[in-house]
Amino acid sequence: MAALTKALGLDTVIICVDTWLGSPEHYLGRGEGWRESLLLRHGYPHLYFTFLSNVIRHDHVDCIVPLPSTSENAAYILKEKGIKPDLVYIDAAHEEEPAYRDIKAYWELLSPDGVLIGDDYLSWEGVTRAAQRFAVEVQRPIVGTWGKFAISRGEVGEPSITFATRSGQAS
Ligand SMILES: C[S@@+](CC[C@H](N)C(=O)[O-])C[C@H]1O[C@@H](n2cnc3c(N)ncnc32)[C@H](O)[C@@H]1O
């Protein structure tokens, strides 16, 4: 994302919110190498240092600001600081309730024409349910494809709800 904003000539600051403590799927080793990626030392994860080294290696220290915090606390901090992002990209919890809480909290932070994008749409049931539930509640169109969804605060097209399905068709 940092490379893309630079290629487009945008003067962007990317605030990265993460506890860097990992998610249940890391601890439970749901994918190959996921548990090892936590880099547990004396039982404590060291994901943050993997993140930092990636930022430095790709030369994006100038535009990436880490905010090591829970998403809930970070939303409060950003609100108190009066930060209204134009784009929010959510890729944290995959379970329905925390994913829903993140979508709701960060939707409220967005600038009036901002866009909220979420990862893991359709590929994780909890995220899919949370995104669709939220779109229905706020009566905004949701644009979804395998692995991503987007909901815009500004007016875009017909105010209908479109759900992509696993086969890629809209329903
Ligand atoms: C699926 S990983 C994605 C990380 C990153 N977006 C990436 O692509 O490398 C999910 C991340 O969300 C973080 N996370 C999970 N729940 C969180 C919460 N409530 N607040 C902040 N971070 C959380 C975990 O520490 C983990 O690093």
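Provided above is the structure to which this section pertains.
Residues numbered from 1 in each chain as written. Predicted model: local features only at pLDDT ≥ 70, side-chain atom pairs only at ≥ 80, totals over all residues.

**So, the packing of helix α5 (residues 96-109) against helix α6 (residues 125-138)**
Let me state the cut-off plainly: Every axis corresponds to a line fitted to the C-alpha atoms, with the helix fit spanning only the stretch in contact, and the corresponding angles, defined between N-to-C directions, vary from 0 to 180 degrees. By definition, any uninterrupted DSSP run of H or I lasting at least four residues is a helix, any uninterrupted run of E lasting at least two residues is a strand, and each is numbered from the N terminus. Oblique is the label for every angle not falling under 35 degrees (roughly parallel), over 145 degrees (roughly antiparallel), or within 65 to 115 degrees (roughly perpendicular). By the definition used in this description, the sense in which the near helix is turned from the far one sets the handedness, with an anticlockwise turn below a right angle giving left-handed and a clockwise turn giving right-handed. By the convention adopted here, residues are in contact when the distance between their C-beta atoms, placed from the backbone, does not exceed 7 Å. Following the grouping adopted for this structure description, the nonpolar residues are Ala, Val, Leu, Ile, Met, Phe, Trp, Tyr, Cys and Pro, the charged ones are Asp, Glu, Lys and Arg, and the polar ones are all others, Gly among them.
In contact at an axis separation of 8 Å, α5 and α6 are set at 40° when each is read in the N-to-C sense. Here α6 runs oblique to α5, going by the angle between their axes. Read as a crossing pair, α5 and α6 show a hand that is right-handed. Where α5 approaches α6, its residues Glu-96, Ala-99, Tyr-100, Ile-103 and Lys-104 are matched on the opposing element by Gly-126, Val-127, Arg-129, Ala-130, Ala-131, Arg-133 and Phe-134. Counted by class, the contact of α5 with α6 contains seven nonpolar, one polar and four charged residues.

**Looking at the site of the ligand**
Our working definition: All residues are tested the same way: a C-beta atom is placed from the backbone, and lying within 6 Å of a molecule or strand makes the residue near it.
Contacts to the ligand come from 14 residues, most closely from Thr-19, Thr-70, Ser-71, Asp-91 and Ala-92. Within the shell around the ligand, the residues separate by chemical class into seven nonpolar, five polar and two charged.

**Examining unusual backbone geometry**
If you check the backbone angles, Trp-20 has positive phi at about 55° while not being a glycine. Position of Trp-20 among the secondary structure elements: in the loop between β1 (14-18) and α2 (24-27). A positive phi angle is found at Asp-120, which is not glycine, with a value near 70°. Among the secondary structure elements, Asp-120 is positioned in the loop between β4 (115-119) and α6.

**A word on the sheet that holds β4**
As a reminder, the rule being used: A pair of strands is considered paired only if DSSP assigns at least 2 bridges between the two.
The strand order across the open sheet built from four strands is β3-β4-β6-β5, with neighbouring strands paired in mixed fashion. In this open sheet, the two strands that pair with only one neighbour each are β3 (87-90) and β5 (142-145). With strand direction ignored, the average angle separating the axes of adjacent strands in the sheet is 15°. Taken together, the four bridges between β3 and β4 define a ladder with parallel strand orientation. What sits directly across from Ile-90, in β4, is Gly-118. α6 contacts β4, β5 and β6 (148-152) of the sheet and is inclined by roughly 160° relative to β5.

**Examining the nonpolar core**
Just so we agree on the cut-off: Here, a nonpolar core denotes buried Ala, Val, Leu, Ile, Met, Phe, Trp, Tyr and Cys residues that are linked to one another through C-beta atoms within 7 Å. Around each residue's C-beta, the other C-beta atoms within 10 Å are counted; 20 or more make the residue buried, 12 or fewer make it exposed, and counts in between make it partly exposed. All C-beta atoms are placed from the backbone.
In this structure, Ile-103 and Ala-131 are the most contacted members of the largest nonpolar core, which totals 22 residues. Mapped by element, the contributors of at least two residues to this core are α4 (71-80), β3, α5, α6, β5 and β6. At five residues, α6 tops the list of elements feeding residues into this core. With residues up to four places along the chain from it excluded, the contact list for Ile-103 reads Ile-90, Leu-116, Gly-118, Ala-130, Ala-131 and Phe-134.

**Quick notes on the pairing of β5**
Residues in a regular strand point their side chains to alternate faces of the sheet. Summarising the sheet, β5 and β6 pair through four bridges and their orientation is antiparallel. Directly across from Gly-144, in β6, lies its bridge partner Phe-149. In sequence, β5 turns back onto β6 through a hairpin of two residues, with Gly-147 there showing a positive phi of about 95°.

Functional significance is not addressed by these values, which are geometric in nature.
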